[in-house]
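An overview of the molecular structure
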Amino acid sequence: MATPLNSTHLILFTRFPKPETTKTRLMPVLGPQGAADLQRQMTEHVTGQVRRFIATHPVTVTIWFDGGTAGQMKKWLGSDLNYRPQGPGHIGYRMHTAFKAAFTAGARAAVLVGSDVPGISPLILQKAFAVLTDDNMVIGPAKDGGYYLIGLGAATFSRIGQDLFDRCDWGRDTVFAETAAIAGKNGIDGMALEELADIDRPEDLPVWGHTRSQKKKNSAEKDISVIIPVLNEEKTLKETLLSVGRGRSRETIVVDGGSRDGTTALATALGAKVINGFPPRSRQMNKGAAAAAGDILLFLHGDTRLPERYHEHICRGADTPGFAAGAFRLRIDSPARVMGLVGKLANLRSCLMSLPYGDQGLFLTTERFWTAGGFADIPIMEDFELVRQLKKMGGKIVTLPTSVVTSSRRWASVGVLKTTLINQVVLAAYFSGIPPATIAAWYRSGRVLPGRGCLHRP
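The structure presented is a predicted model; accordingly, all values stated were derived computationally and were not measured.

1. Remarks on helix α3 (residues 91-104)
Taking 1.5 Å of rise per residue, 14 residues should cover 20 Å, and α3 covers 20 Å from first to last C-alpha, within 8% of that figure. Its buried side turned inward, α3 meets β1 (8-15), β2 (60-66), β4 (109-114), β6 (147-153) and α5 (154-166).

2. With respect to the sheet that holds strand β7 (residues 190-192)
The 7 strands lie next to each other as β3-β2-β1-β4-β6-β5-β7, forming an open sheet whose pairing is mixed. Edge positions in the sheet fall to β3 (82-85) and β7, since each has one partner strand and no second. Here the average twist between neighbouring strands, direction ignored, is 20 degrees. Relative to β7, strand β5 (residues 137-141) runs parallel, the two being bridged by 3 bridges. By the bridge assignment for β7, Val-138 is matched with Met-191. On the sheet, helix α2 (residues 70-77) packs against β1, β2 and β3 and is oriented at approximately 120 degrees with respect to β2.

3. Details of the packing of aromatic side chains
Here the structure, examined in full by the defined rule, presents 13 aromatic pairs. Ring centres of Phe-99 and Phe-165 lie 5.6 Å apart, and the angle between their planes is 25 degrees; on these two criteria the pair is classed as stacked. Of this pair, Phe-99 sits in helix α3 while Phe-165 sits in helix α5, and the two are 66 residues apart along the sequence. Both residues of the pair, Phe-99 and Phe-165, count as buried. Grouping aromatic residues by their ring pairs yields a cluster made of Phe-99, Phe-103, Phe-157 and Phe-165.

4. Remarks on the packing of α3 against α5
The contact between α3 and α5 brings their axes to 10 Å, and the two run at 165 degrees. Compared by their axis directions, α3 and α5 come out roughly antiparallel. As for how α3 packs across α5, the hand of that crossing is left-handed. Of the residues in α5, those in contact with Gly-92, Tyr-93, Met-95, His-96, Phe-99, Lys-100 and Phe-103 of α3 are Ala-154, Phe-157, Gly-161, Gln-162 and Phe-165. Partitioning the contact of α3 with α5 into residue classes produces 7 nonpolar, 4 polar and 1 charged.

Criteria and cut-off values
- Residues numbered from 1 in each chain as written.
- Predicted model: local features only at pLDDT ≥ 70, side-chain atom pairs only at ≥ 80, totals over all residues.
- Heavy atoms only, no water.
- Helix = DSSP H or I, 4+ residues; strand = E, 2+ residues; numbered from the N terminus.
- Expected span 1.5 Å × (residues − 1).
- Contact = heavy atoms within 4.5 Å.
- Pairing = 2+ DSSP bridges.
- Axes fitted to C-alpha atoms, helices over the stretch in contact; angles between N-to-C directions.
- Phe/Tyr/Trp six-rings, centres within 6.5 Å; stacked < 30°, edge-to-face > 60°.
- Buried < 20%, exposed > 50% of the residue type's maximum accessible area, 1.4 Å probe, protein only.
- Parallel < 35°, antiparallel > 145°, perpendicular 65-115°, else oblique.
- Left-handed = near helix turned anticlockwise from the far one by under 90°.
- Nonpolar A, V, L, I, M, F, W, Y, C, P; charged D, E, K, R; others polar.

Take a look at the structure:
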């Protein structure tokens, strides 16, 4: 479960914009004053994004600065924020000092960002805090091999904080990889955000004029990130990934839960970005969403196939007034009449009750997903719970008129009647307040094959 925001700290690292000491690698192109001016503009931009974030999120903010004085910083950026000098030492030592100060002050989690990444936005910060827990780590990789953001829970910092900041070669382009490796060796689950560009060299300058936060795009131009959580899906994943190619998406992210077959090799060969995660499915999907760069997130099961030009259907659905989330109609891949009836009943539930399930391909904006808190960290019913949370927040749950096609393997292996009864019992148990862990344990004991989530596992 994510750490409450009122016990979190946001740390911003920056430098006072004094000529000759700021952005020195840009001075051959911009000159000393131009480089300092760019530093000033970028810091003001990121500080503005931070202010937008804290306007709706109770997070303690401290700006750790190099050069200048606290008085100069307050006069420049405002007296409503906290300021502390970074002090001497290499960058890793200074970052460790800042984190230590945050946790000493009582923070349960802290996130540190730099001021030279124009792509930092309230949504990026919201993502970071949403996935950050007491015992994991969130990191935002930069295109130059470093990172623009790192977040730690108190327990994580206590375990490996010193190693994270002392054992990296800060002058090389391997900082992100080294940090991730240190976390992995210590059993820390690292949640990676999308990659962003920082501005250190002359070739980075075009990024400043093309920040995502400055773009205004209508829904027809929005990018879609397809997120597919999997576990031993080698037999079905190929068709699913090929169906993703029938439309336009920004990226396909496959989050593997520990497959022992050829699932990950297949996904890589077909061009998907593969991320290693840990079950349950809710954590896998949250991890995929954290790494996604699209404006719309589409969560797809590993045995569900998308229709032709699905992106157009999704964008039209997102244009619906009051749109909160959406899903496709469901069609089961079987010629049996009873399977057609099962699909019709699922579509009636989805349309009349505004209650689609995960095997229908849930989609929503990235901002709405993280505002809702992402998927609850529960081992079953995570899609149902997200839809219920979205309905509480207000807005319309859209069921598209076109269908996805999902595998009939669960119904074929367990039986239509038995599968239907199991689904209804699980739903009743959830509504009656039985803990999801208990329901999941019971569900697994029902001789149901592993691999898919929520109410329709194969």
